[in-house]
Amino acid sequence: DAMVIQNPRYQVTQFGKPVTLSCSQTLNHNVMYWYQQKSSQAPKLLFHYYDKDFNNEADTPDNFQSRRPNTSFCFLDIRSPGLGDAAMYLCATRLTGVGEKLFFGSGTQLSVL
Amino acid sequence: DQQVKQNSPSLSVQEGRISILNCDYTNSMFDYFLWYKKYPAEGPTFLISISSIKDKNEDGRFTVFLNKSAKHLSLHIVPSQPGDSAVYFCAAIKNYGGSQGNLIFGKGTKLSVKP
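Attention here is on the structure that accompanies the text.

### Notes on the overall build of chain A
Along the backbone of chain A there are zero helices and 11 strands. A compact globule built from 113 residues would reach a C-alpha radius of gyration of about 13 Å, and chain A, at 13 Å, matches this within 12%. In chain A, which comprises 113 residues, the proportion classed as buried is 50%. Taking the intrachain contacts of chain A between residues at least 6 apart in sequence as the baseline, contacts between residues at least 24 apart amount to 55%. For chain A, the exposed surface amounts to about 5400 Å²; the carbon and sulfur share of it is 50%. Of the charged side chains in chain A, 10 are positive and 9 negative, and the gap between their average positions amounts to 5 Å.

Given below as structure tokens:
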């Protein structure tokens, strides 16, 4: 089945140790998003790719970077994770021109020790 | 500055009764609204949506109502089933169809449907 896949489901890293989260999609959607969700909070958009164009939200910390080497894959890099970066990270995709529905992966739960 | 607000963190309903989940928004530029459902350890899944040119959209047991003058929308689930127990997120978007159409989410309402 076509879907959005996030790996790993759970990631534990140490304070200050770089970590990369990955997302892949078989939907061939042109837009890919990264959201951060902390407990009992709304998912917060970090950035998105519209095709190859990178769009960073104004309040996304510099500590967070992203790469999209091709249509199918998108990565979230956290250069120096802090305790406050522990959260669920959600990847989502959308196909422009056919509605505003985002398709989400199952998320990666990041813990920072 | 929360543009999409779900003021009830939780809601408990008896099976077979109606569940009403509420959402308020502050940005009058929003032109499309969506509801997502989220089970534990899973990503949000799309449930139902409504354009700002409509005031009601129905899909099976789920109906979304939009009151633009009040900047308020609600999701009705009738009849409620135990499998509906999940967190429900309200989301809004501006620039519908455009390249910058990004979803803004509320904090969610946890619905518990008791047998």
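Next, the rest of the story.
### Regarding a nonpolar patch on the surface
Together, B:Ile18, B:Ile20 and B:Val78 make up a nonpolar patch on the protein surface, roughly 230 Å² of accessible area in all. Structurally, B:Val78 can be placed in the loop between strand 8 (72-77) and strand 9 (86-94).

### Some details on the sheet that holds strand 8 of chain B
Residues and elements named next belong to chain B. Pairing is antiparallel across the open sheet formed by five strands, whose spatial order is 1-3-8-7-6. Of all the strands in the sheet, just strand 1 (4-5) and strand 6 (56-59) have a single pairing partner and so form its edges. One ladder, built from six bridges, connects strand 7 (residues 62-67) with strand 8; its direction is antiparallel. Bridge pairing in strand 8 links Val 64 to Leu 75.

### Quick notes on the interface of chain B and chain A
Opposite the 22 residues of chain B that make contact, chain A presents 22 residues. Approximately 1800 Å² of surface area, both sides summed, lies buried where chain B meets chain A, with 57% of it carried by carbon and sulfur atoms. When the buried surface of chain B facing chain A is broken down by residue, B:Asn102, B:Phe105 and B:Lys107 rank first, second and third, together holding 26% of it. Applying the counting rule to chain B against chain A returns zero salt bridges. The tally of links between chain B and chain A comes to three residue pairs in polar contact (both at pLDDT 80 or more). At four residues, the largest contribution of residues to the side of chain B that touches chain A is made by strand 4 (residues 30-38) of chain B. Grouping the constituent residues of the side of chain B that touches chain A by class yields 11 nonpolar, eight polar and three charged.

### What to know about the side chain of B:Ser52
Residue and element names in this part refer to chain B. In this fold, Ser 52 is placed in the loop between strand 5 (45-51) and strand 6. Take Ser 52: its relative accessible area is 13%, and that puts it in the buried class. When residues no more than four places from it in sequence are discounted, the contact partners of Ser 52 are Phe 30, Asp 31, Phe 33, Leu 66 and Lys 68.

### Things to note about the environment of B:Gly16
Residues and elements named next belong to chain B. On the secondary structure map, Gly 16 appears in the loop between strand 2 (10-14) and strand 3 (19-25). Spatially, the C-alpha atom of Gly 16 lies 8.5 Å from that of Pro 115, the residues being 99 residues apart in sequence. Among residues more than four places away in sequence, those in contact with Gly 16 are Pro 79 and Ser 80.

### Observations regarding the environment of B:Lys56
Residues and elements named next belong to chain B. By the element assignment, Lys 56 lies in strand 6. Taking the relative accessible area as the measure of exposure, Lys 56 reaches 42% and is therefore partly exposed. For the pair formed by Lys 56 and Cys 23, sequence separation is 33 residues and the distance between their alpha carbons is 14 Å. Aside from chain neighbours lying at most four places away, what touches Lys 56 is Ile 50, Thr 63, Val 64 and Phe 65.

### Focus: the nonpolar core
When a protein is soluble and globular, its nonpolar side chains tend to lie buried together. Residue and element names in this part refer to chain B. The biggest cluster of nonpolar side chains holds 23 residues, and the ones touching the most others in it are Phe 33, Trp 35, Leu 73, Leu 75 and Tyr 88. For this core, the secondary structure elements donating two or more residues are strand 3, strand 4, strand 5, strand 7, strand 8, strand 9 and strand 11 (109-114). Excluding residues that lie within four positions of it along the chain, Leu 75 makes contacts with Ser 19, Ile 20, Leu 21, Trp 35, Leu 47, Ile 48, Phe 62, Thr 63 and Tyr 88.

Definitions and cut-offs
- Residues numbered from 1 in each chain as written.
- Chains lettered and ligands numbered in written order.
- Predicted model: local features only at pLDDT ≥ 70, side-chain atom pairs only at ≥ 80, totals over all residues.
- Heavy atoms only, no water.
- Helix = DSSP H or I, 4+ residues; strand = E, 2+ residues; numbered from the N terminus.
- Rg over C-alpha atoms; globule rule 2.2 N^0.38 Å.
- Buried < 20%, exposed > 50% of the residue type's maximum accessible area, 1.4 Å probe, protein only.
- Contact = heavy atoms within 4.5 Å.
- Areas by Shrake-Rupley, 256 points an atom, 1.4 Å probe, with all protein chains shown as cover.
- Lys, Arg positive; Asp, Glu negative; His and termini not counted.
- Charge placed at Lys NZ, Arg CZ, Asp CG, Glu CD.
- Patch = residues over 30% accessible without salt bridge, like charges linked within 9 Å, V, L, I, M, F, W, Y side chains within 5 Å.
- Salt bridge = Lys/Arg side-chain N within 4 Å of Asp/Glu carboxyl O.
- Pairing = 2+ DSSP bridges.
- Buried area = accessible area lost by both parts, 1.4 Å probe.
- Polar contact = N/O pair within 3.5 Å; in protein donor to acceptor, adjacent residues only side chain to side chain.
- Nonpolar A, V, L, I, M, F, W, Y, C, P; charged D, E, K, R; others polar.
- Core = buried A, V, L, I, M, F, W, Y, C linked by side-chain atoms within 4.5 Å.

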